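Structural features, examined
So the chains spell out like this:
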There are 2 protein chains.
Amino acid sequence: MNPKAEIIAIGDELLIGHTLDSNSKWLAEMLAGIGVEVVRMSIIPDQIDAIIRALRESSKRASLITVTGGLGPTLDDLTKQAFKDYFKVELKTDETVLNDIKGFFTKRDLEMISSNERQADVPANCRVIRNSQGTAPGMWFDEDDIVYISMPGVPFEMKPMFEESVLQKIIERFDTRKIHHRKVQTAGIAESFLAESLSEFEDKLPDTIRLAYLPRLGQVTIRLTATENDGTDVISLLETQVEKLRNIIPEHIFGFGDDSLEKVIGDMLREKNLTLSTAESCTGGFISHLITSIPGSSDYYSGSIISYKDTVKINQLGVKSETLNAHGEVSEETVVEMAQGAMSSLHSDFSIAVSGIAGPGGEQPGKPVGTVWIAIGAKNKIHAELHHFNLNRTQNIELTAVTALNMLRAVLLHL
Amino acid sequence: MNPKAEIIAIGDELLIGHTLDSNSKWLAEMLAGIGVEVVRMSIIPDQIDAIIRALRESSKRASLITVTGGLGPTLDDLTKQAFKDYFKVELKTDETVLNDIKGFFTKRDLEMISSNERQADVPANCRVIRNSQGTAPGMWFDEDDIVYISMPGVPFEMKPMFEESVLQKIIERFDTRKIHHRKVQTAGIAESFLAESLSEFEDKLPDTIRLAYLPRLGQVTIRLTATENDGTDVISLLETQVEKLRNIIPEHIFGFGDDSLEKVIGDMLREKNLTLSTAESCTGGFISHLITSIPGSSDYYSGSIISYKDTVKINQLGVKSETLNAHGEVSEETVVEMAQGAMSSLHSDFSIAVSGIAGPGGEQPGKPVGTVWIAIGAKNKIHAELHHFNLNRTQNIELTAVTALNMLRAVLLHL
């Protein structure tokens, strides 16, 4: 049966707005994916009585309660004490966890201190969940038909713990019905235009399938959702709808599931045995970072020249000083020479070159902040486009990268 | 008197983890700055009864309740109805708001529809807060000594509304005292070790000052907090404690407030008129991206060579093929030559060079995943260190970058 769930995050640093609670959103998404309905998300203080009060209230509304935070080795980490008092049990030392903690420090050639040792003491009624990334164990409580799951607040400890151990336990414990999603990744079309192109498609969707638009910078994920319901083959139903989408907007769809542009262009390059390099100025290495975030990118990526100063454009990329003098850094002529220079200096079949003004300062006559030239270099042809982005520095850089990768994709598609 | 406050965000898209609630964090920071203690933050569904229940519960714990979301013109925007039912009042048309809405559409040459007109109908007991960026007015309720503030969920409508009108009203209504924070940024020491080094310091802290550890990858932020209290000069008190910290752990403190490593090394370079370049392989441009995320970095940063393939190391960085053959890419000899090559190819006073194995694959005999050589190049000396990182690809890359920037900082400190 599909349970109702509440998500609790503990942390004073959250309540004073210092730290963003990203864990709760992530957990909400994970739980939605297995058919669990989240009815409330709360952020509460590092105080034992506040934690106990929140557990008590949530237990009236939900049968699954996740709690992140408050499991560290310092004095303001009170979650364990709160659970001990809430369930009125004693603490006991878990030997497996104690060995895990000792091993964590040995592996890093560090000494363990007593506050770390105490992290192996857990409420007697819990099942420990081992922490592969840190010292604090997670805790699973199952009392009065309500499951409470306590996990570390540090995202890179919590997420692997949830994905590797907790998710499956929840599926088994609650025998959740499956919610099925199909994600279709699009780039280069704004959400409102996409929705207009798909309004007829949306009207004709079967009742069992819901559509959601999940916009990001320069991209929109279309998500189709269907819930299993005795007998209906929802997966075929979803696949049919996805095929329809491929026929309505073929040019904007670049991938499915969790495909990213950088992964997709990587697959295209690898499949055709082609190589890529980049020449970046205003994006400062961000495009290179995205490309190399894909494991195995060394199969097709030779490298990049980040030409933040003009001398680097001249010396490393072979941009002519006459070109810079006549047209300036942020020009079609310069970005085209950067693209050519990347291919020849870095010995690649293709290149992405970018020259622009990310902001906040740096505008020039006729070139406001957000003016960006993007070029895609190929052996026999360089394709350059001028864009005007209107956001803050970080967003302009990200939008430039997404646009550039999508331009490369279009070139690779038409080989 | 400083009120206790609760922050509520309404939205189904938040509860399924599609959209991140950034409004609540922002409001929490704004309220903390004027001495308002936020005791809970909640996310609730777009349902009238859920909204009413949340208001009722919060009114028992807080005298200031902010609510964002649910004020749009579509069918799932139910906040106004919920307040009407909660206070048991009727709706009335606010003429000023109606004119604002008409003007909003006229200015954009658009036609208004009836659902937009209805946005001018508000509960009879509220004071409207005009919306300079959109059509939905905010609402201020003051009943039974509790203030409820309803604002749009769209950040670029809510933030100006709060900053221009609401913040001042709160200060006047509650005659608030100020809370003061000081943040001390450290790198290169684990949280538990830091807490142990500072345990005596923590014991000796005045009662009015609280300390919190906010860990991230490779860094820990120490936060000291004090509240103004008739006559005590809390700012001096805080500054005194910060000075004490500087004397206890001088080598680990790299900055204050919201300083990042990349900002701090940027300031150090600019101040001494020195320049920096990078040569990256396994970090793929991430270090360059961090350095260039700082506005004005073109003052001290010349650029980078991302040498993903060996040929790029040889051709662009002047690494000798004999060195690569004898010692391999991931070696002290290679990373030292990369650091030298960066300084000479990119004409900089200093360089950061990195060569390693980010994972998940790529291990070599004697060099497991996570083996990373980092070199800091200076005119007369190259300092290289071997590190073993044990996390996933993304984290290994981030931790390498943080470690490298901190190593550069140490070199710059001892000039």
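For every chain, the first residue of its written sequence is number 1, and the numbers climb from 1 along that sequence. A letter from A marks each chain and a number from 1 marks each ligand, given out in the order of writing. Local features are withheld for residues below a pLDDT of 70 in this predicted model, meaning they are given only at 70 or higher, and side-chain atom pairs are given and counted only at 80 or more; totals for whole chains, interfaces and linings count all residues. Here the side-chain values reflect all heavy atoms present in the structure, with hydrogen atoms and water set aside.

The next subject is the sheet that holds strand E16 (residues 371–378) of chain B. Strands pair, by our definition, only if DSSP identifies at least two bridges between them. Under the DSSP-based scheme used, a helix requires at least four consecutive residues in state H or I and a strand at least two consecutive residues in state E, with every element numbered from the N terminus. Taken together, 10 strands build an open sheet; the order of strands is E17(A)-E16(A)-E15(A)-E13(A)-E14(A)-E14(B)-E13(B)-E15(B)-E16(B)-E17(B) and the sheet is mixed. This sheet does not close on itself; its edge strands, each paired only once, are strand E17 (381–388) of chain A together with strand E17 (381–388) of chain B. Taking the axes of each pair of neighbouring strands and ignoring which way they run, one obtains an average angle of 10° across the sheet. Throughout, an axis means a line fitted to C-alpha atoms (over the contacting stretch in the case of helices), and angles, computed between N-to-C directions, take values from 0 to 180 degrees.

Attention now moves to the sheet that holds strand E2 (residues 37–44) of chain B. Spatial ordering of the open sheet is given by E6(A)-E7(A)-E8(A)-E3(A)-E1(A)-E2(A)-E2(B)-E1(B)-E3(B)-E8(B)-E7(B)-E6(B), a layout of 12 strands whose pairing is mixed. Every interior strand has two partners, whereas the edge strands, strand E6 (127–129) of chain A together with strand E6 (127–129) of chain B, have only one. Pairwise comparison of adjacent strand axes, ignoring direction, gives a mean angle of 15° for this sheet. As defined by bridge partners, strand E1 (residues 4–10) of chain B adjoins strand E3 (residues 64–68) of chain B across 5 bridges and the pair is classed as parallel. Note on E3 of chain B: the bridge partner recorded for Glu6 of chain B is Ile65 of chain B. The strands touched by helix H2 (residues 23–33) of chain A within the sheet are strand E1 (4–10), strand E2 (37–44), strand E3 (64–68) and strand E8 (146–151) of chain A, with E1 of chain A carrying the most contacts at an inclination of about 160°. Here, two residues are considered to be in contact whenever any of their heavy atoms come within 4.5 Å of each other.

Glancing now at the domain arrangement of chain A. By a widely used convention, the size of an interface equals the accessible area lost when the partners come together. Throughout, the edges of the domains are those of an automatic or database domain assignment. Here chain A is partitioned into domain 1 (4–174), domain 2 (179–256) and domain 3 (261–413). Measuring from the centre of the C-alpha atoms in domain 1 of chain A to the corresponding centre in domain 2 of chain A gives 35 Å.

Time to look at the pattern of salt bridges. Residues and elements named next belong to chain A. Salt bridge, as applied in this entry: a Lys or Arg side-chain nitrogen positioned within 4 Å of an Asp or Glu carboxyl oxygen. Under the criterion given, the structure shown has 38 salt bridges over all chains. Here Lys204 and Glu200 are joined by a salt bridge, their closest N and O atoms 3.0 Å apart. No difference in accessibility class separates Lys204 from Glu200, as the two residues are exposed. A salt bridge links Asp310 to Lys313, with the shortest nitrogen-to-oxygen separation between them at 3.8 Å. Of the two residues, Asp310 and Lys313 both sit in helix H13 (residues 310–317), 3 residues apart, roughly one turn of that helix. For Lys313, a relative accessible area of 0% corresponds to the buried category. One network of salt bridges, with partners in common, ties together Asp259, Lys263, Asp267, Arg270 and Asp299. Buried means the residue's accessible area, taken with a 1.4 Å probe over protein chains only, is under 20% of the maximum for its type, while exposed means over 50%, and partly exposed covers the values in between.

In this section: the pairing of E1 of chain B. Both faces of the sheet carry side chains from a regular strand, because those side chains alternate between them. Residues and elements named next belong to chain B. Counted residue by residue, E1 has 6 buried out of 7 residues, so it is predominantly covered. As defined by bridge partners, E1 adjoins E2 across 7 bridges and the pair is classed as parallel. Across the sheet, the residue bridging to Lys4 is Glu37, located in E2.

Okay, the nonpolar core next. A general tendency of soluble globular proteins is for nonpolar side chains to be buried together. All names here are of chain B. Counting 38 residues, the largest nonpolar core has Leu269, Leu276, Phe350, Ile352 and Leu408 as the members making the most contacts within it. Mapped by element, the contributors of at least two residues to this core are helix H11 (261–271), helix H12 (286–292), strand E15 (350–356), E16 and helix H16 (393–413). Considering every element that reaches this core, the biggest residue donor is H16, with 9 residues. There are two domains that each give this core at least three residues, and those are domain 2 (179–256) and domain 3 (261–413). Excluding its chain neighbours within four sequence positions, the residues that come into contact with Leu276 are Ile265, Leu269, Ile291, Tyr300, Tyr301, Ser302, Gly303, Ser348, Phe350, Ser351, Ile352 and Leu408. Buried residues of nine kinds, namely Ala, Val, Leu, Ile, Met, Phe, Trp, Tyr and Cys, make up a nonpolar core once their side-chain atoms join them within 4.5 Å.

Before going further, it helps to examine unusual backbone geometry. The omega angle of the peptide bond from Gly359 of chain A to Pro360 of chain A is 5°, so this bond is cis rather than trans. Counting through the fold element by element, Pro360 of chain A comes out in the loop between strand E15 (350–356) and strand E16 (371–378). Of note in this structure, Lys88 of chain A is not a glycine but carries a positive phi near 55°. Relative to the assigned elements, Lys88 of chain A resides in the loop between helix H4 (79–87) and strand E4 (91–93). Here Asp144 of chain B, not a glycine, exhibits a phi torsion of approximately 55°, which is positive.

So, on to the interface of chain A and chain B. Each partner contributes to the interface: chain A provides 71 residues, whereas chain B provides 71 residues. Of the roughly 5900 Å² buried where chain A meets chain B, counting both sides, 56% is carbon and sulfur surface. Two parts placed together each lose some accessible area under a 1.4 Å probe, and the buried area is that loss summed for both. Considering only the side of chain A, the residues that lose the most area to chain B are His18, Arg40 and Tyr308 of chain A, jointly responsible for 10% of the buried surface there. If you look at where chain A meets chain B, you find 4 salt bridges. The salt bridge involving Glu57 of chain B is made with Arg61 of chain A; its shortest N-O contact spans 3.2 Å. By the criterion applied in these results, polar contacts are pairs of N or O atoms within 3.5 Å in which, for protein atoms, one can donate a hydrogen and the other can accept it, and in which residues neighboring in sequence qualify only through two side-chain atoms. Scanning the region where chain A abuts chain B turns up 33 residue pairs in polar contact (both at pLDDT 80 or more). Under the grouping applied here, Gly and all other residues not named as nonpolar or charged are polar, the nonpolar ones being Ala, Val, Leu, Ile, Met, Phe, Trp, Tyr, Cys and Pro and the charged ones Asp, Glu, Lys and Arg. Split by residue class, the side of chain A that touches chain B holds 32 nonpolar, 24 polar and 15 charged. Relative to E2 of chain B, E2 of chain A runs antiparallel, the two being bridged by 3 bridges. Counterpart to Ile43 of chain A in the pairing with E2 of chain B is Met41 of chain B.

Okay, empty space enclosed by the protein next. A pocket here means an open set of points on a 1 Å grid, computed over the protein atoms alone, that has protein on both sides within 12 Å along at least five of seven lines. A cavity is instead a set of points where a 1.4 Å probe fits but cannot get out; residues with an atom within 4 Å of a point line either one. Grid points are joined across faces, edges and corners, and a volume is the space filled by probe spheres set on the points. Applying the stated criterion to the full structure yields 4 cavities of 30 Å³ or more. Estimated volume of the largest cavity: approximately 180 Å³. Residue lining of the largest cavity: 18 residues in total, with Asp21 and Ile43 of chain A together with Asp21, Ser24 and Ile43 of chain B positioned closest to the centre. Across the lining of the largest cavity, the residue classes tally to 8 nonpolar, 6 polar and 4 charged.

Residues and elements named next belong to chain B. Here Ser59 lies in helix H3 (residues 48–61). Residues Ser59 and Tyr148 lie 89 residues apart in sequence; the distance between their C-alpha atoms is 9.0 Å. Dropping the residues within four chain positions of it, Ser59 is found in contact with Ile65, Tyr86, Ile146 and Tyr148.

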